[in-house]
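Structural characterization, general
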Amino acid sequence: MRNTKPLGLAAMAAAAALTLTACGGGGGETGGGGETGGSGENVRIGIKYDQPGLGFRDGEEYTGFDVDVATYVANELGYSADQIEWVESPSANRENMLANEQVDMIFATYSITDERDQTVDFAGPYFVAGQDLLVRADDDSIQGPADLEGKNLCSVTGSTSAQKVKDEHPGVNLVEQGGYAECVTFLESGQVDAVTTDDIILAGLASTEANQGKFKVVGNTFSEERYGVGLPQGSEQCEAVNEAITKMIEEGAWEEAVTANTQGADYSYNEELNPPEMEPCGE
Ligand code: GLU
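Residues numbered from 1 in each chain as written. Predicted model: local features only at pLDDT ≥ 70, side-chain atom pairs only at ≥ 80, totals over all residues. Heavy atoms only, no water.

Next up on the list: the site of the ligand. Near the ligand you find 17 residues, and of these Lys48, Ser91, Thr109, Tyr180 and Asp198 are the closest. Here Thr109 contributes a side-chain N or O atom positioned 2.7 Å from an oxygen atom of the ligand. One of the side-chain N or O atoms of Asp198 is found 2.7 Å from a nitrogen atom in the ligand. Mapping the ligand onto the cavity grids shows that it belongs to the largest cavity. Mapped onto the shell around the ligand, the elements with two or more residues apiece are helix H5 (160–168), strand S11 (194–198) and strand S13 (225–232). Tallied by class, the residues present in the shell around the ligand amount to 5 nonpolar, 7 polar and 5 charged. (Near = heavy atom within 4 Å. Polar contact = N/O pair within 3.5 Å; in protein donor to acceptor, adjacent residues only side chain to side chain. 1 Å grid on protein atoms, 1.4 Å probe; cavity = no way out; pocket = protein on both sides within 12 Å on 5 of 7 lines; lining within 4 Å. Sits in = over half its atoms within 2 Å of the grid points. Helix = DSSP H or I, 4+ residues; strand = E, 2+ residues; numbered from the N terminus. Nonpolar A, V, L, I, M, F, W, Y, C, P; charged D, E, K, R; others polar.)

Here it is, written out as structure tokens:
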């Protein structure tokens, strides 16, 4: 299923040079050609900018669990923190961003699925979440997606969360937005009755200062979302990324990162599924 065709270093450098020429001005490139791999250049990492506790941008500061795992892995691959160039990777753009070589890796609450595996490679998983619902704090009428028949539910274009609702709950009115924060605004104003995506994302959104006390996560997960590291198809980095994640888990840095990034959120991860075992590369 995965493309295991080996890409030599020279071919990769040629492809990188081509991309730079073809997409100059696309934003985010680090200047200059002659990129030959190694630690003398930057690494472009795709993250979310609007998911507090996971991938979040505040001015020049990037925070969250995805950011911490990405920083750790990049370090293990030979990149210091200041060699990381963060690039926003909304849910709907992730496969294209990897295929077009706009990023080298993606750490963006990016579930490993067979469909995505047709066009990108995945290392990991580095976390397992579950799809859930966010509702207004005073609403006890919604316990799961079956309670949303005929009601309005918001999710994000290109996410597994939206796809699951379309596949399994066609009677729900699905409203799609570009990001989950927009969905939360709709929930507050009453335009939708619930927001759906992974429990850890919803918990992070509910715990921001502006949202305190307004919403609650229902707490009945109805999927398993294995967060993978997205890599361009044919990448030779998968094994090294898996080794780095394994080391992060064994050293205790993974646990520290989860704890620090979920502090203040009403969230605890599924201990039966976390921390996960790495899946073999190239399958
Ligand atoms: N983990 C799910 C996905 O990859 C939902 C979260 C997201 O949209 O990033 O689609």
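Residues Ile45 and Phe127 are the most contacted members of the largest nonpolar core, which totals 56 residues. For this core, the element with the highest residue contribution is helix H2 (residues 65–76), accounting for 7 residues. Ignoring sequence-local partners within four residues, the contact set of Ile45 consists of Ala70, Ala74, Ile84, Glu85, Trp86, Val87, Val103, Met105 and Phe107. In this structure, Val87, Val103, Ala108 and Tyr110 belong to the second largest nonpolar core, which totals 10 residues. (Core = buried A, V, L, I, M, F, W, Y, C linked by side-chain atoms within 4.5 Å. Buried < 20%, exposed > 50% of the residue type's maximum accessible area, 1.4 Å probe, protein only. Contact = heavy atoms within 4.5 Å.)

When strand S9 (residues 152–156) meets strand S10 (residues 173–177), the two strands line up parallel, connected through 5 bridges. Bridge pairing links Ser155 to Glu176 in S10. In this fold, S9 hands off to H5, which returns the chain to S10; that crossover is right-handed. (Pairing = 2+ DSSP bridges. Right-handed = clockwise from strand over helix to strand, strands pointing away.)

With that settled, the discussion passes to empty space enclosed by the protein. A full pass over the atoms with the stated rule returns 2 cavities of 30 Å³ or more. Taken as a whole, the largest cavity encloses approximately 70 Å³ of empty space. For the largest cavity, the lining is made up of 14 residues, of which Arg94, Thr109, Ser159, Tyr180 and Asp198 are closest to its centre. Of all the elements in the fold, those that place two or more residues in the lining of the largest cavity are H5 and S11. Classifying every residue of the lining of the largest cavity by side-chain character gives 3 nonpolar, 7 polar and 4 charged. For the second largest cavity, the calculated volume is near 50 Å³. Put simply, the parts of the chain that give the lining of the second largest cavity at least two residues each are helix H7 (199–206) and helix H9 (253–262). When residues of the lining of the second largest cavity are assigned to their parent elements, the largest contribution, 3 residues, is made by H7. Considered class by class, the residues forming the lining of the second largest cavity number 6 nonpolar, 4 polar and no charged. (Points joined across faces, edges and corners; volume = space filled by probe spheres on them.)

We now examine the packing of aromatic side chains. Tallying each qualifying case throughout the model produces 12 aromatic pairs. With centroids separated by 5.6 Å and ring planes inclined at 65 degrees, the aromatic side chains of Phe65 and Phe127 adopt a geometry described as edge-to-face. With Phe65 in helix H2 and Phe127 in strand S7 (residues 120–129), this residue pair connects regions lying 62 residues apart in the sequence. Pair check on accessibility: Phe65 and Phe127 agree, each one buried. Linked through ring pairs, Phe65, Phe107, Tyr126, Phe127, Tyr227, Trp254 and Tyr269 together constitute an aromatic cluster. (Phe/Tyr/Trp six-rings, centres within 6.5 Å; stacked < 30°, edge-to-face > 60°.)

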